[in-house]
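# Observations on the three-dimensional arrangement
Listed below are the residues making up each chain.
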Amino acid sequence: MAAQEDSNETGRAGKTRKGASRRKRKISIRTFVQIFFFALIALIAINHSLEKQGVEIAFLSSASLHAVCPFGGVVSIYQYFTAGTYVHKIHESAFILMYIVFALALLVGPAFCGWACPLGSFQEWLGKPGRKIFKKRFNKFVPPKLDSYLRYLRYAVLIWVLYVTATTATLFFADYDPYYALFNFWTGEVAVSALIILGVVIVASLFVERPFCKYACPYGAVLGVFNLFRIFKIKRNVATCIDCKACDRACPMNIDVSESGTVRDHQCISCLKCTSENSCPVDDTVEMMVGTLSGGDR
Amino acid sequence: MKINNWLMGLLVLVLIFGGIGGSIAFNLWNTEGGGSGQGSGDSRVPVTFKVGEFAGEYNPADIRGSYSFGHISELWEIPLTELGTAFGLGAIENLADFRCNDLEAAYANLEEDVEIGTDSVRVFVALYTGLPYLLSDTTYLPQPAVDILKAKAKLVEEQIVFLDSHSVDITGIQIGVSVTSPKSQQNMKHQ
Ligand code: SF4
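Within any chain, residue numbers begin from 1 and follow the written order of that chain's sequence. Each chain gets a letter, beginning with A, and each ligand a number, beginning with 1, in the order they are written. Per-residue local features of the predicted model are confined to residues with pLDDT of at least 70, and side-chain atom pairs are confined, for both listing and counting, to 80 or more; whole-chain, interface and lining totals are unaffected and use all residues. Side-chain numbers come from the whole structure's heavy atoms, not from hydrogens or water.

Secondary structure elements are defined from DSSP: runs of H or I of at least 4 residues count as helices, runs of E of at least 2 residues count as strands, and each element is numbered from the N terminus. Each helix and strand counted, chain B has eight helices and three strands in total. The secondary structure elements of chain B, listed N-terminal to C-terminal, are β-α-α-α-α-α-β-α-α-β-α. Burial status follows relative accessibility: with a 1.4 Å probe on protein chains alone, a residue under 20% of its type maximum counts as buried, one over 50% as exposed, and anything between as partly exposed. A burial count over chain B gives 46% of its 191 residues as buried. Counting only contacts in chain B whose residues sit at least 6 apart along the sequence, the fraction spanning at least 24 positions is 61%. Residue contacts are defined here by distance: any two heavy atoms, one from each residue, within 4.5 Å place the two residues in contact.

Okay, here's the thing in structure tokens:
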């Protein structure tokens, strides 16, 4: 038995080294994708401003931000199916993006949040100095009990946004949307309320990872529901897990991956940070996959 | 089957850009204020009401900035001259080509918070034809439009109150009329 445990440990150690050596290189793929989307949206927003002055960057869309935001499709659903029109400033493109992101979420959960959303990336990058300053206290400032209630606040925001948009047929959320403020603050078109919320998000990001995503994002609330039935799920192999809790520490959304067999938490953003490829020191132990892990998951 | 970092990155990029590419190929991708109806420019057909007593009628809410007065006149059967008078444009030559987008520029000299633009046309068309439309507190109409509506449309009390509090006396206002050419229209496509 002892010999068997030894060989298990050796096996795990071997796998551990392999996993750790791969880590740094592979995290950069997500960063690359995030930078790509952030730059793309920033350039489109700048091009939209330039276009109004009669100049344009060639080969780049100059659409308004509303036209390339999939959440625009979500807020327009009611009006589309009752009156057959879109909410003012929303166009077909927002609806198409909404379907694409829903398809992606059905497959792998809210990967849009973890990989593409420029506001999510922006908050994540702001958190880096916060992590350096506060070390282990970073992302742990909100008391757990309060935090567990606040996590549902974004559903209240979602209901409010859908209700007011449906009754007024206007894109009123732009006046509160930090994403719109971030990519339009130079235009003079952003409401003071949106600028204030952006300021709060910037400051809060130094203390909490992705504060807007966690507590207020109505689109994250919609996509989070897909975690209940996404095809590829984050799974932990209970048989090979050494209970080191590296996955919990890596998770930007404070999910206790080490206590789950399958992560169904509505807050997961499919960033893959918890996986064996990125933070778990044991190979094939935390994976995003379809089917069951050999050691069993719950 | 597992999803690793590479596969996830690829999936995100391929699904998003593949989806956009596919919708462009099928002519479904539209980022412009061109409307949810079919076609483009003056060939565009606005959406219709789907249910209720107005089912099948064109919905004024789908009037976009790119719609010309001539097109609106045809679709909702409002005499072009009446549209011109309503918006203080009776004197211009090529009224049929005048686009809703051009209204905002024409009435650029109004006081702050008062705007006459595409939504004003939507309100006028809806009230003139008796079709339903949500009245927005930020939308104003020129006084001649209000006079025409009061004389010719069947208005309810609430609509009359709205018009009385959302009319702009345009006598003496310098209207900067210019008709957007199809080329310069390209530069005004995103609202
Ligand atoms: S670290 Fe894992 S559990 Fe946490 S958000 Fe990312 S994928 Fe989801």
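As a further point, take the side chain of A:R236. Residue and element names in this part refer to chain A. Topologically, R236 is positioned in strand β1 (residues 233-236). Among buried Asp, Glu, Lys and Arg side chains, R236 stands out as unpaired, with D243 the closest opposite charge at 5.2 Å. Pairs of N or O atoms are called polar contacts if they sit within 3.5 Å, as long as, within protein, a hydrogen donor faces a hydrogen acceptor (for residues adjacent in sequence, only side-chain-to-side-chain pairs). Within the local environment of R236, its side chain forms a polar contact with the backbone oxygen of S258, the two atoms lying 3.2 Å apart. Neither His nor the chain termini are counted; the positive set is Lys and Arg, and the negative set is Asp and Glu. Counted as salt bridges are all cases of a side-chain nitrogen of Lys or Arg within 4 Å of a carboxyl oxygen of Asp or Glu.

As a further point, take the site of the ligand. Being near a molecule or strand, for a residue, comes down to having at least one heavy atom within 4 Å of it. As a matter of local geometry, the ligand sits amid 13 residues, with A:C251, A:C268, A:I269, A:C271 and A:C274 nearest to it. Here the term charged refers only to Asp, Glu, Lys and Arg, the term nonpolar to Ala, Val, Leu, Ile, Met, Phe, Trp, Tyr, Cys and Pro, and the term polar to all other amino acids, Gly among them. Here the residues of the shell around the ligand are counted per class, giving 11 nonpolar, one polar and one charged.

Residue and element names in this part refer to chain B. Helix axes use the C-alpha atoms of the stretch in contact, all axes being lines fitted to C-alpha atoms, and the angles between their N-to-C directions lie in the range 0 to 180 degrees. As a packed pair, helix α5 (residues 118-129) and helix α6 (residues 143-152) sit with axes 9 Å apart at the nearest point and diverge in direction by 15°. As judged from the angle between their axes, α5 and α6 are roughly parallel. Crossing of α5 against α6: the hand is left-handed. For the pair α5 and α6, the contacting residues are F124, L127 and Y128 in the first and A145, I148, L149 and K152 in the second. A class-by-class count of the residues in the contact of α5 with α6 yields six nonpolar, no polar and one charged. Each angle receives one of four descriptions, namely roughly parallel if under 35 degrees, roughly antiparallel if over 145, roughly perpendicular if within 65 to 115, and oblique otherwise. For any pair of crossing helices, the crossing counts as left-handed if the nearer helix is rotated counterclockwise from the farther one by less than a right angle, and right-handed if it is rotated clockwise.

Time to look at the nonpolar core. A general feature of soluble globular proteins is that nonpolar side chains tend to end up buried together. The biggest cluster of nonpolar side chains holds 76 residues, and the ones touching the most others in it are A:L223, A:I234, B:M8, B:V12 and B:I16. When we break this core down by domain, the ones giving at least three residues each are domain 1 (30-226) and domain 2 (232-292) of chain A. Apart from the residues within four sequence positions on either side, A:L223 is in contact with A:V101, A:F102, A:A105, A:P110, A:F112 and A:C113. Judged by nonpolar contacts, the second largest core, of 41 residues, contains B:A86, B:I92, B:Y140 and B:L141. The set of buried Ala, Val, Leu, Ile, Met, Phe, Trp, Tyr and Cys residues whose side-chain atoms join them within 4.5 Å is what this entry labels a nonpolar core. Residue ranges for the domains originate in an automatic or database domain assignment.

Moving on, we get to the pairing of strand β3 (residues 286-289) of chain A. Burial along β3(A) is two-sided: the face carrying A:V286 and A:M288 and the face carrying A:E287 and A:M289 are both buried. The pairing criterion is simple: DSSP has to find at least two bridges between the two strands. One ladder, built from four bridges, connects β1(A) with β3(A); its direction is antiparallel. Along β3(A), the bridge assignment pairs A:R236 with A:V286. Pairing analysis gives two bridges linking β3(A) to strand β1 (residues 2-3) of chain B, with the strands arranged antiparallel.

On to the pattern of salt bridges. By the definition in use, this model includes 10 salt bridges over all chains. Put simply, A:R131 and A:E209 hold a salt bridge, and the shortest N to O gap is 2.7 Å. Taken as a pair, A:R131 in helix α5 (residues 118-134) and A:E209 in the loop between α9 (192-204) and α10 (211-215) lie far apart in primary sequence, 78 residues in all. With relative accessibility at 38%, the residue A:R131 sits in the partly exposed group. In this structure, A:D284 and B:K2 form a salt bridge, with 2.6 Å as the shortest nitrogen-oxygen distance. Of this pair, A:D284 sits in the loop between β2 (262-263) and β3 while B:K2 sits in strand β1, on two different chains. The exposure class assigned to B:K2 is partly exposed, which follows from its relative accessible area of 36%.

This next bit is on the sheet that holds β1(A). Strand order in this open sheet of four strands is β2(A)-β1(A)-β3(A)-β1(B), and the pairing throughout is antiparallel. In this open sheet, the two edge strands, each paired with only one partner strand, are β2 of chain A together with β1 of chain B.

The subject of this paragraph is the confidence of the model for chain A. Residue and element names in this part refer to chain A. Looking at any residue, its pLDDT shows the predictor's confidence there, from 0 to 100. With 79% of its residues at a pLDDT of at least 70, chain A reaches an overall mean of 83. Contacts for the low-pLDDT stretch residues 1-14, under 50 throughout, to residues beyond four places or in other chains number four contacts. In the model, residues 17-21 has pLDDT below 50 throughout and makes four contacts with residues more than four positions away in sequence or in other chains.

All names here are of chain A. Expected span of a helix: the number of residues minus one, times 1.5 Å. Between its first and last C-alpha atoms helix α7 (residues 153-168) spans 23 Å; for 16 residues at 1.5 Å apiece the expected length is 22 Å, and the two agree. R154, V157, L158, V161, V164 and T165 are the residues of α7 that are buried. The arc enclosing the buried residues of α7, seen along the axis, measures out at 145°, which places them on a common side. Among the exposed residues of α7, those pointing more than 90 degrees away from its buried face are I159 and Y163. When we speak of the arc, we mean the arc of directions from the helix axis to the C-beta atoms.

Think of a disulfide as a covalent bridge from one cysteine sulfur atom to another cysteine sulfur atom. Only a pair of cysteine sulfur atoms within 2.5 Å counts as a disulfide in this structure description. Across all of its chains, the model carries zero disulfides over all chains by this definition. For A:C247, which is in no disulfide, the shortest distance to another cysteine sulfur is to A:C241 and amounts to 6.3 Å.

The next subject is the packing of aromatic side chains. Given two aromatic rings, their pairing is described by the distance between the two centres and the angle made by the two planes. Residue and element names in this part refer to chain A. Note on aromatic pairs: the rings of Phe, Tyr and Trp (six-membered ring only in Trp) are paired at centre separations within 6.5 Å, and the planes decide the class, stacked below 30 degrees, edge-to-face beyond 60, tilted for the rest. For the structure shown, the criterion picks out 22 aromatic pairs over all chains. With a centroid separation of 5.3 Å and 65° between ring planes, the pair formed by F38 and W125 is classed as edge-to-face. Taken together, the positions of F38 in helix α1 (residues 2-52) and W125 in helix α5 put the pair 87 residues apart, joining distant regions of the chain. On the accessibility criterion, W125 (25% relative accessible area) is partly exposed. With centroids separated by 5.1 Å and ring planes inclined at 85°, the aromatic side chains of F134 and F141 adopt a geometry described as edge-to-face. Given the relative accessible area of 17%, F134 is considered buried. Through a chain of ring-to-ring contacts, the aromatic side chains of F38, F122, W125, Y179 and F183 assemble into a single cluster.

Here we come to unusual backbone geometry. Residue and element names in this part refer to chain A. Of note in the backbone geometry, K245 takes a positive phi value of approximately 65° without being a glycine. Within the fold, K245 resides in the loop between β1 and α12 (246-250). Even without being a glycine, L272 presents a positive backbone phi close to 70°. Along the chain, L272 turns up in the loop between β2 and β3.

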